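Spelled out from the first residue to the last, the chains are:
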Amino acid sequence: MKVASIVGARPQFIKAAPVSVALKEAGHNEVIVHTGQHYDPQMSDVFFSEMGIAPPDHFLAIGSGSHAEQTGRMMVAVERTLVDERPDYALVYGDTNTTLAAALAAVKLGVPLAHVEAGLRSFNRTMPEEHNRVLTDHCADLLFCPTQTAVDNLAREGIARGVHLVGDVMYDSVLHFAQRAQQRSRVLDSLGVLPGAYLLATVHRAYNTDDPAVLERLLHALDAIGEPVIFPLHPRTRARLGAHNNARRHVRLVDPVGYLDMLTLEKHARVILTDSGGVQKEAFFFQVPCVTLRPETEWVETVNTGWNVLAGSDPMAIVAAARAARKPPGTSPQIFGDGTAARRIAALLA
């Protein structure tokens, strides 16, 4: 069976890594299509090399642009690739413009569509990601859900056929690569920080970066916590910072880091502050308290179990949550599967 795996952004590379291994083990022929949505080497190439993902069979070099422009150009390029490759399935991940463009191109060609990380809902329709994931789910033939909550979300929308609870492929990745990170990463030494003696922050959502007032509030809040904060900068965030680039006493701005270094920083942080869905989960996997810089999350399980606090962009709420963050008592439940989601996906595709 030929599977066209269509990726384009950092979180998708992380999710695709264990699935690619499982597809190969199951005897499938995988064709990797990289749209180029993330084209910065620090957000793209380093993940392929560190995670051992085969080089893309097709690199579409779409790059940046408005949502409509980027999605439209992706649809055209993905359609041509699918026509040439004639796969049995198009496999898409998550909620990016790459996800939606590939889903629309596949469904209009009659290529069966499989969606990894189906059923997630933030119920915030101001987020482009929310529209991407909802539309993709309603196009998909196979919907691979990471949690029971995701299955329930689909059921409420009348989607039951082709829905499978498989677990979270990002958990597969963390289980596989955490040991490699421990052996290879030297990021704590290079930054001069000790385990448990710093906070880790990531910000990249458009509603946190595109409004200068909101970004200023977030920077003020991170600085006001009064502890060292390591802040790897997403290219979008760096472009928006401008005059604020080096204006904070406790916030250390660094270039984007590779996957292994990011796992190390997450594992050893006292608290993680983020607007990234993937980083929220990785904090949970490593049992590190998380403060989410959004008013809502798709990963409600992390909040319900006490590992995650929603603070939005309110500086007082952020500072209070970060200072008070502690590990909840007891052991965390096994919400995201047992680390075999990728193998289940490969089997279901067969």
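Going by the structure above, here's the rest.
The structure displayed is predicted, hence computed values, not measured ones.

(A) Representation of the overall build of the chain in the model. Helices and strands together make up the secondary structure of the chain, namely 16 helices and 13 strands. What you see for the chain is a C-alpha radius of gyration of 19 Å, in line with the 20 Å of a compact globule of 350 residues. For the chain, the proportion of its 350 residues judged to be buried stands at 59%. For the chain, long-range pairs separated by at least 24 residues make up 68% of all intrachain contacts whose partners lie at least 6 apart in sequence. On the chain, roughly 14,300 Å² of surface is accessible, and the fraction owed to carbon and sulfur atoms is 52%. When the 33 positive and 37 negative side-chain charges of the chain are each reduced to one mean point, those points stand 3 Å apart.

(B) Representation of the sheet that holds strand β3 (residues 58–59). With parallel pairing, the seven strands of this open sheet are ordered in space as β3-β2-β1-β4-β5-β6-β7. Edge positions in the sheet fall to β3 and β7 (163–165), since each of these pairs with one other strand and no more. In this structure, strand β2 (residues 29–34) lies alongside β3, joined through two bridges in parallel fashion. Paired with H34 across the bridge in β3 is F59. Running over the sheet, helix α3 (residues 67–85) touches β1 (2–7), β2 and β3 and is turned about 165 degrees from β1. Set on the sheet, helix α5 (residues 128–139) makes contact with β4 (89–93), β5 (113–116) and β6 (142–145); between it and β5 the angle comes to about 140 degrees.

Scoring rules and cut-offs
Residues numbered from 1 in each chain as written. Predicted model: local features only at pLDDT ≥ 70, side-chain atom pairs only at ≥ 80, totals over all residues. Heavy atoms only, no water. Helix = DSSP H or I, 4+ residues; strand = E, 2+ residues; numbered from the N terminus. Rg over C-alpha atoms; globule rule 2.2 N^0.38 Å. Buried < 20%, exposed > 50% of the residue type's maximum accessible area, 1.4 Å probe, protein only. Contact = heavy atoms within 4.5 Å. Areas by Shrake-Rupley, 256 points an atom, 1.4 Å probe, with all protein chains shown as cover. Lys, Arg positive; Asp, Glu negative; His and termini not counted. Charge placed at Lys NZ, Arg CZ, Asp CG, Glu CD. Pairing = 2+ DSSP bridges. Axes fitted to C-alpha atoms, helices over the stretch in contact; angles between N-to-C directions.

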